Amino acid sequence: MEQRNISIVLIGMMGTGKSTAGRWIAEQLGYEFVDLDHEIEVAAGKRIPDLFAEDGEPAFRDLESAVLAKVLSCSKRVIATGGGAVLSESNCELMKRQGWVAALTAGAESIVERVREDQGRPLLAGGDLELKVRTILEERKDCYRFADVTVDTTGISAEEAGRQILMHYRV
Ligand SMILES: Nc1ncnc2c1ncn2[C@@H]1O[C@H](COP(=O)(O)OP(=O)(O)O)[C@@H](O)[C@H]1O
Ligand SMILES: O=C(O)C1=C[C@@H](OP(=O)(O)O)[C@@H](O)[C@H](O)C1
Ligand SMILES: [Mg+2]
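What you see is a predicted model; the values in this text were computed from it and never measured.

Explain the site of ligand 1 to me, please; I cannot follow it from the model alone.
As a matter of local geometry, ligand 1 sits amid 13 residues, with K18, S19, T20, R121 and I156 nearest to it. Coverage of ligand 1 by the protein chains reaches 70% of its 560 Å² of free accessible surface. The element best represented in the shell around ligand 1 is helix α1 (residues 18-29), accounting for 3 residues. Taken together, the residues that form the shell around ligand 1 break down as 4 nonpolar, 6 polar and 3 charged.

Written out as structure tokens, the structure is:
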């Protein structure tokens, strides 16, 4: 597929700025912005915390995979995935085959600051936030390596992260 039309898929830990940078990149390119979490909420008819609480994480993951396959069927999209979409190997294979994949990273302290006020992430709810962030970062540290490009967002704005991704995409 011609790289200039291929959909951009953003992966990375919660709070690395996938949704924020993704929306900005889509605006710059005139591509459609798709937030996978939003599409999952529409498909489920409920918010993500309710989906986790009422149906469980496995049900969320199944829906995540189904919605991912659907949104990857079109080019000229910027797709912000959820941080755990990479936990399924078949999801990763699909992203790699159907999209151009950019991974966002950030240090644990930055992530904690960014997600602290947001109650929308059930995996980070309750207890010691920093410990949860560090544990999940460690558990998933190898899951984002398959990306075509990786951008560290620590200390830079979401817009600057988007700019760096676009520079690589346009090459
Ligand atoms: N590069 C950045 N620097 C500072 N804050 C950011 C940055 N990117 C995103 N944010 C903020 O961090 C929070 C989480 O961003 P979000 O885009 O939802 O991340 P993700 O989709 O990766 O979980 C939001 O409040 C957002 O405004
Ligand atoms: O990392 C994860 O497992 C998750 C990340 C969230 O998306 P963001 O990465 O956009 O926060 C959302 O999909 C859900 O709460 C689970
Ligand atoms: Mg997001």
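Read on for the rest.
Honestly, the packing of aromatic side chains in this entry has me stumped. Any pointers?
Think of a pair of aromatic rings as described by two things: how far the centres are apart, and how the planes are tilted against each other in angle. What the rule picks out here adds up to 3 aromatic pairs. Centre to centre, the rings of F52 and F60 are 4.7 Å apart; their planes meet at 40 degrees, and the pair counts as tilted. F60 matches F52 in its accessibility class, with the two residues each being buried. Ring plane angle 65 degrees and centroid distance 5.3 Å describe the contact between W100 and Y169, whose orientation is recorded as edge-to-face.

How each quantity is defined
Residues numbered from 1 in each chain as written. Chains lettered and ligands numbered in written order. Predicted model: local features only at pLDDT ≥ 70, side-chain atom pairs only at ≥ 80, totals over all residues. Heavy atoms only, no water. Near = heavy atom within 4 Å. Areas by Shrake-Rupley, 256 points an atom, 1.4 Å probe, with all protein chains shown as cover. Helix = DSSP H or I, 4+ residues; strand = E, 2+ residues; numbered from the N terminus. Nonpolar A, V, L, I, M, F, W, Y, C, P; charged D, E, K, R; others polar. Phe/Tyr/Trp six-rings, centres within 6.5 Å; stacked < 30°, edge-to-face > 60°. Buried < 20%, exposed > 50% of the residue type's maximum accessible area, 1.4 Å probe, protein only.

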